[in-house]
Amino acid sequence: MNHIRSSSLFAQAQRHIPGGVNSPARAFNAVGRDPLFIERADGSRLYDADGNSYLDYVGSWGPMILGHRHPAVLEALNEALRRGTSYGAPTSSEIDIADLICEIVPSIESVRLVNSGTEATMSAIRVARGYTGRDLVVKFIGNYHGHVDSLLVKAGSGLATLGISDSAGVPAAFAATTIALPFNSLAAVEECFEARGDKIACVILEPVVGNMGCVPPGEGYLEGLRKITQKHGAVLIFDEVMTGFRVALGGAQQRYGVTPDMTTLGKIIGGGLPVGAYGGRKDIMAKVSPVGPVYQAGTLSGNPLAVAAGLATLKLLKGEPQVYENIERKAKMLAQGVAAAAAAAGVTMTVNRVASMVTFFFNPGPVTDWDSASASRTDVFGTFFRAMLDRGIYLPCSQYEAIFVSASLSEEDIEATIRAAAESLKEVASKS
Ligand code: HOZ
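Residues numbered from 1 in each chain as written. Predicted model: local features only at pLDDT ≥ 70, side-chain atom pairs only at ≥ 80, totals over all residues. Heavy atoms only, no water.

Engineer: Lay out the environment of Asn-184 in plain terms, naming residues and giving numbers.
Structural biologist: Relative to the assigned elements, Asn-184 resides in the loop between strand S6 (178-181) and helix H7 (186-196). The partly exposed category is assigned to Asn-184, whose relative accessible area is 23%. Here the alpha-carbon distance between Asn-184 and Val-215, two residues 31 residues apart in the chain, equals 9.5 Å. Residue contacts for Asn-184: discarding those within four places in its chain leaves Val-215, Pro-216, Pro-217, Gly-218, Tyr-221 and Thr-368. Within the structure, Asn-184 has its side chain in polar contact with the backbone oxygen of Thr-368 (distance 2.8 Å). (Helix = DSSP H or I, 4+ residues; strand = E, 2+ residues; numbered from the N terminus. Buried < 20%, exposed > 50% of the residue type's maximum accessible area, 1.4 Å probe, protein only. Contact = heavy atoms within 4.5 Å. Polar contact = N/O pair within 3.5 Å; in protein donor to acceptor, adjacent residues only side chain to side chain.)

Engineer: Account for the pairing of strand S8 (residues 235-239), naming residues and giving values.
Structural biologist: Burial of S8 is extensive: 5 of the 5 residues sit out of reach of the surface. Residues Val-235, Ile-237 and Asp-239 point to one face of S8 and Leu-236 and Phe-238 to the other, with burial holding for every one of them. As judged from the 4 bridges shared by strand S7 (residues 200-205) and S8, these two strands associate in the parallel manner. Opposite Ile-204, over in S8, you have Ile-237 as the bridge partner. Two elements, S8 and strand S9 (residues 262-265), share 3 bridges in a ladder whose sense is parallel. Its bridge partner being in S9, Asp-239 is matched across the sheet by Thr-264. Viewed along the sheet, the connection from S8 through helix H9 (residues 251-256) into S9 turns out right-handed. (Pairing = 2+ DSSP bridges. Right-handed = clockwise from strand over helix to strand, strands pointing away.)

Engineer: Summarise the packing of aromatic side chains; cite the residues concerned and give the values.
Structural biologist: Tallied over the full model, the rule gives 11 aromatic pairs. Relative to Phe-183, the ring of Phe-140 lies with its centre 6.2 Å away and its plane at 75°, an arrangement referred to as edge-to-face. Here Phe-183 lies in the loop between S6 and H7 and Phe-140 lies in strand S5 (residues 136-140), a separation of 43 residues in the sequence. One exposure class covers both Phe-140 and Phe-183, and it is buried. An angle of 70° between the planes, with centres 5.1 Å apart, marks the rings of Phe-183 and Tyr-221 as edge-to-face. Highlighted residues: Phe-183 in the loop between S6 and H7 and Tyr-221 in helix H8 (residues 221-232), separated in sequence by 38 residues. Aromatic rings pair up to connect Phe-28, Tyr-54, Phe-360, Phe-362, Phe-381, Phe-384, Phe-385 and Tyr-394 into one cluster. (Phe/Tyr/Trp six-rings, centres within 6.5 Å; stacked < 30°, edge-to-face > 60°.)

Engineer: Can you break down the packing of helix H14 (residues 378-390) against helix H15 (residues 411-431) residue by residue, with the values?
Structural biologist: A pair of packed helices is characterised by two quantities: the angle between their axes and the separation of those axes. Contact geometry for H14 and H15: axes closest at 9 Å, N-to-C directions at 135°. Judged by the angle between their axes, H14 and H15 are oblique. Crossing hand, H14 versus H15: right-handed. Within the contact between the two elements, H14 uses Val-380, Thr-383, Phe-384, Ala-387 and Met-388 and H15 uses Thr-417, Ala-420, Ala-421, Ser-424, Leu-425, Glu-427, Val-428 and Lys-431. Residues of the contact of H14 with H15, tallied by class, amount to 8 nonpolar, 3 polar and 2 charged. (Axes fitted to C-alpha atoms, helices over the stretch in contact; angles between N-to-C directions. Parallel < 35°, antiparallel > 145°, perpendicular 65-115°, else oblique. Left-handed = near helix turned anticlockwise from the far one by under 90°. Nonpolar A, V, L, I, M, F, W, Y, C, P; charged D, E, K, R; others polar.)

Engineer: Which residues make up the environment of Ala-402, and what values do they have?
Structural biologist: Take Ala-402: it is sitting in the loop between strand S13 (393-394) and strand S14 (403-404). Expressed as a C-alpha distance, the spacing of Ala-402 and Val-215, which sit 187 residues apart in the sequence, is 9.1 Å.

Engineer: Break down the sheet that holds strand S3 (residues 53-56) for me, with residues and values.
Structural biologist: Within the open sheet, the 4 strands sit side by side as S1-S2-S3-S13. Their pairing is mixed. The open sheet has two edge strands, strand S1 (38-42) and S13, and neither has a second partner. Of the pairings in the sheet, the one linking S3 to S13 comprises 2 bridges and is parallel in character. The partner of Asp-56 across the bridge, within S13, is Tyr-394.

Engineer: So what's going on with helix H11 (residues 304-319)? Which residues, and what values?
Structural biologist: Taking 1.5 Å per residue as the helical rise, H11 with its 16 residues ought to reach 22 Å, and the 22 Å between its terminal C-alpha atoms agrees with that figure. Of all 16 residues making up H11, 13 are buried, and the element is well covered by its neighbours. Taking the backbone nitrogen of Leu-305 as reference, a side-chain oxygen 3.0 Å away marks Asn-303 as the first, capping residue of H11. (Expected span 1.5 Å × (residues − 1).)

Engineer: I'd like a description of unusual backbone geometry, backed by residues and values.
Structural biologist: The step from Ser-289 to Pro-290 runs through a cis peptide bond, and the omega angle for that step is 10°. Following the sequence through the fold, Pro-290 ends up in the loop between helix H10 (282-285) and H11. A cis amide bond links Gly-365 to the next residue, Pro-366, at an omega of 0°. Mapping Pro-366 onto the fold places it in the loop between strand S12 (357-361) and helix H13 (370-373). Within the chain, Lys-154 stands out as a residue other than glycine whose phi angle is a positive 45°. Looking at the secondary structure, you find Lys-154 in the loop between S5 and helix H5 (157-162). Owing to a relative accessible area of 36%, Lys-154 belongs among the partly exposed residues under this scheme.

What follows is the structure, given as structure tokens:
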């Protein structure tokens, strides 16, 4: 498999684009290869500029739950395109998607559309601060909430991949408003609230972390956070940009039965186009401008094309709930198959899976927080990633990202992936 054209495009891209990419997580920095330049995608497959095809386990980092170019999404997009691309004025489709979101996620009584997950979390913490009149934000080490200044403290995803604990360019005064605690430790949260509870505006977390690889919440953890925040009058924000409409139709809050005050959404909600959203309790959302004093705005918010793709995706997911059973079954098959292949090859591996999110860690585990996630052998991960890529399997290019299984992957695709993993893990064993 050659990547001559991708490498040449990467060299060209570096002339005018920082690092040749428009988002660091896709740069392949941690896996010793040049990033692939993708020409097109269809169903479960990506096609690169050299004409190679890959089974896609990234799914645009989550949005493509139905696979690429789903006919219902394309039809909705074509229909919207015929009417125009942006009006900067309200449309009836925005009412339809808001109604549907509130129906699917009952904790969201009022919702505002934005253009990305980053905008959603940035706005949500502003609203939480406006609502409580407090400044401090509690987040968790290894959780990533987009590139919001005050949330780029001990964050996962690209920062973890590049080994940047705190981003340059964030004023110390902003970072000082963030308290970063270990994930899955209720004791740490209790202690923090005992000391500074009356100053904490909100607790924001990925209820199932995807950005240090997939890390599930421990038994009772989400319930514990709910109790502590309630006791101290802080807003509990579930960042469901990854998990929303993914780990269940109603997201992690439905899967675990814990109700947050606010929720942030992204990825699947746009059906592959740029959409984010934040919402929650009506009394909290009543603080948002133009009704309330917390300002937040956007020229392209509620863009008709993006809303059309998102609405088509959500309608399909709601109308066909068997999609969730289907992708979970395939993800389970993948997780079990690869774990067995690792054992057969004598490679130490811990497999974390929640619904259709999966991560292979190269350490004995259990992987429950940043300390245990970052104990994975990232050099071994790199060897595995490259061996899989050479066999036509496109995995996330970092240990600190999750695999997303889409509905377009067939059982034959999963079986082929397990066979590729068995060969790749033998290669890993022979090199380590
Ligand atoms: N934030 C995304 C993964 N956690 C990656 C975005 C990208 O580089 O495309």
